[in-house]
Amino acid sequence: AQVHVIFKLPDHFGIYPHPLTYIKWFTSLHRHDTLTGLYLVNHSTQNCHPNVSVVSVNFFVHACHLQGSCGRHISTDWMSDNVLQITSTFHVNSYIDLDTFFVLS
């Protein structure tokens, strides 16, 4: 999931022991790129709208590194602050750290 904001609700909405996050989901890890062997994910949708949730930060397990899937040419429009919005398909980089490598292998 992509975290968009981390927040805490005022006490009159109830007591939450951990901060909450507004996230946009990606599809599950079920598809591999035949060339790289890396998992491919897309933005998840529900009824043609982004699949979003509010969840507690204590549900987070591990961060991951996504690389935009570009084919043979990388768009010059891609910047670190917009690539998640511009690109629709991403490689899940399992080589970024040892834990991720073993979990996704």
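The preceding data block contains the structure.
Residues numbered from 1 in each chain as written. Predicted model: local features only at pLDDT ≥ 70, side-chain atom pairs only at ≥ 80, totals over all residues. Heavy atoms only, no water.

A. Quick look at the overall build of the chain. The helix and strand inventory of the chain stands at two helices and nine strands. Taken from N to C terminus, the helices and strands of the chain fall in the order β-β-β-β-β-β-β-β-α-β-α. Dimensions of the chain, computed from the C-alpha atoms along their principal axes, are close to 55 × 30 × 25 Å. Of all 105 residues assigned to the chain, the portion counted as buried reaches 25%. Of the contacts formed within the chain by residues at least 6 apart in sequence, a portion of 53% connects residues at least 24 apart. Carbon and sulfur atoms form 59% of the exposed surface of the chain, whose accessible area is close to 7800 Å². (Helix = DSSP H or I, 4+ residues; strand = E, 2+ residues; numbered from the N terminus. Buried < 20%, exposed > 50% of the residue type's maximum accessible area, 1.4 Å probe, protein only. Contact = heavy atoms within 4.5 Å. Areas by Shrake-Rupley, 256 points an atom, 1.4 Å probe, with all protein chains shown as cover.)

B. Just the nonpolar core, in detail. Phe-26, Tyr-39, Val-41, Phe-90, Val-92 and Leu-104 form the largest nonpolar core, which has six residues in total. Elements with a minimum of two residues in this core: strand S4 (39–42) and strand S9 (89–92). (Core = buried A, V, L, I, M, F, W, Y, C linked by side-chain atoms within 4.5 Å.)

C. Representation of unusual backbone geometry. If you check the backbone angles, Asn-47 has positive phi at about 55° while not being a glycine. Mapped onto the fold, Asn-47 is located in the loop between strand S5 (45–46) and strand S6 (49–50). Its relative accessible area of 69% is what places Asn-47 among the exposed residues. Phi is positive for Cys-48, which is not a glycine, with a value near 65°. Position of Cys-48 among the secondary structure elements: in the loop between S5 and S6. When its relative accessible area of 77% is taken as the criterion, Cys-48 is described as exposed.

D. Representation of the pairing of S9. Side chains of S9 alternate between two faces, with Thr-89 and His-91 and Phe-90 and Val-92 buried alike. Pairing of S4 with S9, which is carried by four bridges, proceeds in the antiparallel orientation. Counterpart to Val-41 in the pairing with S9 is Phe-90. As judged from the three bridges shared by strand S8 (residues 66–68) and S9, these two strands associate in the antiparallel manner. Looking across to S9, one finds that Gly-68 is bridged to Phe-90. (Pairing = 2+ DSSP bridges.)

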